[in-house]
Amino acid sequence: MNNAALIGNPNTGKTSLFNTLTSSYEYVGNWAGVTVEKKVGQLRGKAGQLTDLPGIYTLRPLSRDEGVAAEYLAVESPSVLVNIVDASNLERNLYLTLQLLEYGKPVIIGLNMIDVAKASGLQVDPEKLSARLGTPVLPLIARTGKGSKELLRAIEQQHPGEADVPHFAIHYGEAIERAIRDISRELAAGWEQGRPGLRWIALQVLEDNPAVIAVLPPQTNLNKLKAIRAEAKKQLGADGFDSSVEEHIRTVRIERIQAICSEAVDASQKKPHTMT
Ligand code: GDP
Ligand code: K
Ligand code: MG
């Protein structure tokens, strides 16, 4: 059975899709410790369950409310991530997408708001986007339900446990890659099967994500992890990069996103912004 999570930026159509994709609620309440609504439903056709996560722009939270999604990913280990992105705002949306592709579980991308993108003169090519991200991309208009059947079918076709993980990797440069290896090695002993990939966890530690660090196993030597991070920062400086570890990771991701968008988005017909 699939345990799917719906995740994306705020106002991308997640709740609209949640309502279309599910036939009944399994749980409605709040996430533990915060006043953010939690909804879990049964997927139509008995394809498993779906959890609607609060909207975020990045997994590194600025508030406790924003930490819900990262903590969920760190402790719950869903079998498939359904990432809803706003086609009319692709560049901003892909930042979270890259963090999700690094999670090491299957990701299905719902390219929503294609009507809005079209109206503003933007053409997003789902096939090119899929090829560049190494994962399925399905065009959607959640407001009318267009594409939701195909999305449900794509979720059904996921078989939990299969090593059908995204073929996507970013190389962050020697200093960061070494730190990822060192942190992964440090955490590897006793790391349970089915938990998120160590590369993703290591990146969250390097990004200093408090929601993930708070739920590392109790035996974790946090001082050792801090020392590895400090060494990476020193090495970045020695390599001539004038930035912190988080900034460096962010910059590498943004460069990759710009390269992807320049291939997958045709903005030549883009209309100028208006006030309406
Ligand atoms: P969430 O914040 O991600 O849960 O997004 P919602 O499902 O609440 O949707 C936010 C707003 O966008 C609502 O007014 C929806 O009706 C609207 N919306 C969602 N999907 C689409 C779409 O594909 N096209 C258009 N035009 N509007 C959409
Ligand atoms: K909303
Ligand atoms: Mg919502």
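Residues numbered from 1 in each chain as written. Chains lettered and ligands numbered in written order. Predicted model: local features only at pLDDT ≥ 70, side-chain atom pairs only at ≥ 80, totals over all residues. Heavy atoms only, no water.

The protein has the name Ferrous iron transport protein B in an unreviewed UniProt entry, where Paenibacillus rhizolycopersici is given as its organism.

Attention now goes to the side chain of Ser 148. Secondary-structure assignment places Ser 148 in helix 6 (residues 148-156). Residues in contact with Ser 148, not counting those within four places in the same chain, are Leu 17, Thr 20, Leu 21 and Leu 140. (Helix = DSSP H or I, 4+ residues; strand = E, 2+ residues; numbered from the N terminus. Contact = heavy atoms within 4.5 Å.)

We now examine the environment of Ala 175. Of note, Ala 175 is situated in helix 7 (residues 174-188). Note on Ala 175: relative accessible area 5%, which makes it buried. Note: C-alpha distance between Ala 175 and Glu 231 (56 residues apart in sequence) is 8.4 Å. (Buried < 20%, exposed > 50% of the residue type's maximum accessible area, 1.4 Å probe, protein only.)

Turning our eyes to something else, we now look at the nonpolar core. Ranked by internal contacts, the top residues of the largest apolar core, which has 65 residues, are Ile 7, Leu 59, Leu 73, Leu 129 and Leu 133. Apart from residues lying up to four places away in sequence, Leu 59 is in contact with Ile 7, Ala 70, Leu 73, Leu 96, Gln 99, Leu 100, Trp 200, Gln 204 and Asn 209. Core analysis: the second largest hydrophobic core is formed by 19 residues, Leu 17, Leu 21, Ala 47 and Leu 151 among them. (Core = buried A, V, L, I, M, F, W, Y, C linked by side-chain atoms within 4.5 Å.)

Attention now goes to the sheet that holds strand 4 (residues 48-52). Within the open sheet, the seven strands sit side by side as 2-3-4-1-5-6-8. Their pairing is mixed. The sheet is open, and its two borders are formed by strand 2 (22-30) and strand 8 (137-139), each paired with just one other strand. Each neighbouring strand pair of the sheet contributes to a mean axis angle of 25°, computed without reference to strand direction. With three bridges connecting them, strand 6 (residues 107-112) and strand 8 associate as parallel partners. (Pairing = 2+ DSSP bridges. Axes fitted to C-alpha atoms, helices over the stretch in contact; angles between N-to-C directions.)

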